[in-house]
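Working through the structure, step by step
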Amino acid sequence: VQAHKDREGELEPLRWEESGYLVLLDQRKLPGEISYVSCEDYQAVVRAIRDMQVRGAPAIGTAAAYGMVLAALGFRGGDVEGFYDSLAEAADRLKSTRPTAINLAWAVERMFRKALALKRESLESGDFLKVKAALLEEAHAIAREDVEANKRIGELGAGLIASGESILTHCNAGALATVGYGTALGILRSAAAQGKVARVYACETRPLLQGARLTALELSREGIPVTVITDNMAGYVMRKGLVNRVVVGADRIAGNGDVANKVGTYTLAVLAKTHGLPFYVAAPTSTIDLGCRTGEEIPIEQRPASEVTHICGRRVVPEGVDVLNPAFDVTPHELVSAIITERGIAREPYVETLKRLVNPQIFDQGGHRGCQGF
Ligand code: MRU
């Protein structure tokens, strides 16, 4: 696949090619190599998400939405029930790739509902042209809305940051983890554009080093001063007074405000509390799952042991030793100072404020104002 021009210098994690396939930036190879994989059927998208060539909750959700388009485009034959069965199978397979990030199930289910809404028309016309076009339009809408949401999160979150601050972040919740701009890094981008950010400290984020490889790459390309630390240095930098706040992303937020994010986030929240530092979570409302009442109900993805036993392909743990590799942990809501979404900033009591953000039409007659300043 030909190299693709990055939008406004930003690295683009995914792009739909009009000739009918999905192109993904291979994030496993960054920062050393900028290369792309093309997905011509949904099974290729399943593999790319599972193997983390594409990663980050909103990015995998959007990739899976295009996976649903590929499933529809790939269907051969005229049997309407068979078409919908094959879409349901693709939806199940895409959703099962990474169980923690709710954006994945959210996007796939949104796509499936779109297809179902046109089932009668398919039965009448005997073809799927309309469904296929509508699915592509829906995937584009999901991609567009993600960038819009991130820019708004950036604006709102930058308002919480004072001039001259240094911020600690974990993993990569940047342009690479979304369709563009990023959530936690979107806030840092917006605050940096206002001249507020002195420095970002990026935890390297073992086992797969998203902080060292991806966050450091994004921020340095943007000219935002960034210092990489190993995960076990977070207490040191806080104790030394080198950081003013922590800003991270999220893979799923339960109804009570418990936050699942990259493993190690919980440790940072505990440390932030001990040092009196605000701990912010940035995420689109599609990351909030009111179906999970508390973080206890969030499924935590367990990944292969080889990610821990090896670093960049080299074994660092003796053969035969047991390892644990949960990809995420849950930060209890008591440790979360604020959750910044595109619809407003939620604070305790999250059981109330998150409900308002997810269903603004039920609570606010006058738009989303009610969600600000809780
Ligand atoms: O395992 P990853 O790299 O997909 O984990 C990503 C994270 O934990 C991000 O913080 C989260 O998905 C938010 S991305 C905007």
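To keep things clear, this report deals only with the structure shown in the data block. (Residues numbered from 1 in each chain as written. Predicted model: local features only at pLDDT ≥ 70, side-chain atom pairs only at ≥ 80, totals over all residues. Heavy atoms only, no water.)

Right, let's get into the sheet that holds strand S3 (residues 36–39). Within the open sheet, the three strands sit side by side as S1-S2-S3. Their pairing is antiparallel. Looking at which strands have only one partner, the edges of the open sheet turn out to be strand S1 (14–17) and S3. Averaged over neighbouring strand pairs, the angle between their axes works out to 25° when direction is ignored. Two elements, S1 and strand S2 (residues 21–25), share four bridges in a ladder whose sense is antiparallel. Within the sheet, the bridge partner assigned to Glu17 lies in S2 and is Tyr21. (Pairing = 2+ DSSP bridges. Helix = DSSP H or I, 4+ residues; strand = E, 2+ residues; numbered from the N terminus. Axes fitted to C-alpha atoms, helices over the stretch in contact; angles between N-to-C directions.)

Below, the discussion takes up a negative patch on the surface. Negative charge collects at one region of the surface, where Asp79, Asp85, Glu89 and Asp92 lie side by side. By secondary structure assignment, the location of Asp85 is in helix H3 (residues 80–95). With a relative accessible area of 52%, Asp85 lands in the exposed category. (Patch = residues over 30% accessible without salt bridge, like charges linked within 9 Å, V, L, I, M, F, W, Y side chains within 5 Å. Areas by Shrake-Rupley, 256 points an atom, 1.4 Å probe, with all protein chains shown as cover. Salt bridge = Lys/Arg side-chain N within 4 Å of Asp/Glu carboxyl O. Lys, Arg positive; Asp, Glu negative; His and termini not counted. Charge placed at Lys NZ, Arg CZ, Asp CG, Glu CD. Buried < 20%, exposed > 50% of the residue type's maximum accessible area, 1.4 Å probe, protein only.)

The final tally for this structure, using the stated rule, is zero disulfides. Here Cys171 stays free of any disulfide, with the sulfur of Cys203 as its closest cysteine sulfur at 10 Å. (Disulfide = S-S within 2.5 Å.)

Glancing now at the site of the ligand. Around the ligand there are 18 residues in total, and Arg55, Arg98, Gln210, Asn261 and Lys262 lie nearest to it. Interatomic distance of 2.8 Å between a side-chain N/O atom of Arg55 and an oxygen atom of the ligand. Here an oxygen atom of the ligand and a side-chain polar atom of Asn261 are 2.6 Å apart. Within the complex, 99% of the 420 Å² of free accessible area of the ligand lies under protein. Of all elements in the fold, only helix H2 (57–73) and strand S9 (259–262) reach the threshold of two or more residues within the shell around the ligand. Its residues placed into classes, the shell around the ligand shows eight nonpolar, six polar and four charged. (Near = heavy atom within 4 Å. Polar contact = N/O pair within 3.5 Å; in protein donor to acceptor, adjacent residues only side chain to side chain. Nonpolar A, V, L, I, M, F, W, Y, C, P; charged D, E, K, R; others polar.)

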